[in-house]
Amino acid sequence: MTAAVDDDLWSAVGDPTRRRMLDLLLAEGGGTATSLSERLPVTRQAVAKHLGVLDRVGLVHATPAGRERRYRVDEAQLARAVAQLSSVGAAWDARLRRIKRIAEAIQRGQDQR
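Residues numbered from 1 in each chain as written. Predicted model: local features only at pLDDT ≥ 70, side-chain atom pairs only at ≥ 80, totals over all residues. Heavy atoms only, no water.

J.: What's the story with the packing of aromatic side chains in this structure? I'm lost.
T.: Geometrically, a pair of aromatic rings is defined through the distance of the ring centres and the angle of the planes. In total, this model carries zero aromatic pairs according to the counting rule given. The ring of Trp92 has Arg95 lying over it, and the distance from NZ or CZ to the ring centre is 4.6 Å. (Phe/Tyr/Trp six-rings, centres within 6.5 Å; stacked < 30°, edge-to-face > 60°. Lys NZ or Arg CZ within 6 Å of the ring centre and 35° of its normal.)

Right, dumping it as structure tokens:
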């Protein structure tokens, strides 16, 4: 049985900039839109929008830090995303093994002719 896949969560992590932001936040223990924009090839405004998407799906949480907000990765939600990916991957591996067995059976049948 596969875990239910959260489409909003996967839509959020489907963007390479957001994945890079998660990497940076994990490596640095958190950050602000300004600190992330200094490390990414996008504007601070774009970073803020990406952080909003990640926040809506629960992958990051913000706390006030002076005039800005400091973002941290929600490791429980990230673990949930990883579990979903593993589950989907296992399901596809099983499907591909079945397809391979069918193709091999067809090939054996053609070879015997």
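On we go.
J.: I tried to follow the nonpolar core on my own but got confused; where do I start?
T.: Ranked by internal contacts, the top residues of the largest apolar core, which has 19 residues, are Leu22, Leu25, Leu36, Val47, Leu51, Leu59 and Val60. For this core, the secondary-structure elements that each account for two or more residues are α1 (7-13), α2 (16-28), α3 (33-37), α4 (44-56) and β2 (68-73). Per element, the largest residue contribution to this core is four residues, and it comes from α2. Ignoring any residue separated from it by four or fewer positions in sequence, one finds Val60 in contact with Leu22, Leu25, Leu51, Leu54, Asp55, Tyr71, Arg72, Val73 and Asp74. (Core = buried A, V, L, I, M, F, W, Y, C linked by side-chain atoms within 4.5 Å. Buried < 20%, exposed > 50% of the residue type's maximum accessible area, 1.4 Å probe, protein only. Helix = DSSP H or I, 4+ residues; strand = E, 2+ residues; numbered from the N terminus. Contact = heavy atoms within 4.5 Å.)

J.: I'm lost on the pairing of strand β1 (residues 60-65) in this one. Help?
T.: Sheet faces and side chains relate simply in a regular strand, where the side chains alternate between the two faces. Sheet topology places β1 next to β2; six bridges connect them, and they run antiparallel. When the bridges of β2 are listed, Val60 appears paired with Val73. Linking β1 to β2, which pair antiparallel, is a turn of two residues; within it Gly66 sits at a positive phi near 70°. (Pairing = 2+ DSSP bridges.)

J.: Explain a positive patch on the surface to me, please; I cannot follow it from the model alone.
T.: Where like charges cluster on the molecular surface, the positive patch consists of Arg95, Arg97, Arg98 and Arg101. Here Arg97 is to be found in helix α5 (residues 75-111). (Patch = residues over 30% accessible without salt bridge, like charges linked within 9 Å, V, L, I, M, F, W, Y side chains within 5 Å. Areas by Shrake-Rupley, 256 points an atom, 1.4 Å probe, with all protein chains shown as cover. Salt bridge = Lys/Arg side-chain N within 4 Å of Asp/Glu carboxyl O. Lys, Arg positive; Asp, Glu negative; His and termini not counted. Charge placed at Lys NZ, Arg CZ, Asp CG, Glu CD.)

J.: So what exactly am I meant to see when it comes to the side chain of Thr32 here?
T.: Topologically, Thr32 is positioned in the loop between α2 and α3. Those residues in contact with Thr32, other than ones at most four positions away along the chain, are Glu68, Arg69 and Arg70.

J.: For this particular structure, what's the right way to read the packing of α2 against α4?
T.: For any two helices packed against each other, the geometry is given by the interaxial angle and the distance between the axes. Orientation of α2 relative to α4, taken along the N-to-C sense of each, is 80°, at an axis distance of 10 Å. Here α2 is positioned roughly perpendicular relative to α4, judged by the angle of their axes. Contact with α2, carried on its side by Thr17, Arg18, Met21, Leu22 and Leu25, involves Val47, His50, Leu51, Val53 and Leu54 of α4 and no other residues of that element. Residue classes in the contact of α2 with α4 are distributed as seven nonpolar, two polar and one charged. (Axes fitted to C-alpha atoms, helices over the stretch in contact; angles between N-to-C directions. Parallel < 35°, antiparallel > 145°, perpendicular 65-115°, else oblique. Nonpolar A, V, L, I, M, F, W, Y, C, P; charged D, E, K, R; others polar.)

J.: Teacher, can you tell me more about the pattern of salt bridges here?
T.: Two side chains with opposite charge may pair up if their charged atoms get near one another. Across all of its chains, the model carries four salt bridges by this definition. The partner of Arg39 in a salt bridge is Glu28, and the shortest N-O contact between them spans 1.8 Å. In this pair, Arg39 sits in the loop between α3 and α4 while Glu28 sits in helix α2, placing the two residues eleven residues apart along the sequence. The partner of Arg44 in a salt bridge is Glu68, and the shortest N-O contact between them spans 3.2 Å. Within this pair, whereas Arg44 is found in helix α4, its partner Glu68 is found in strand β2, the two being separated by 24 residues in sequence.

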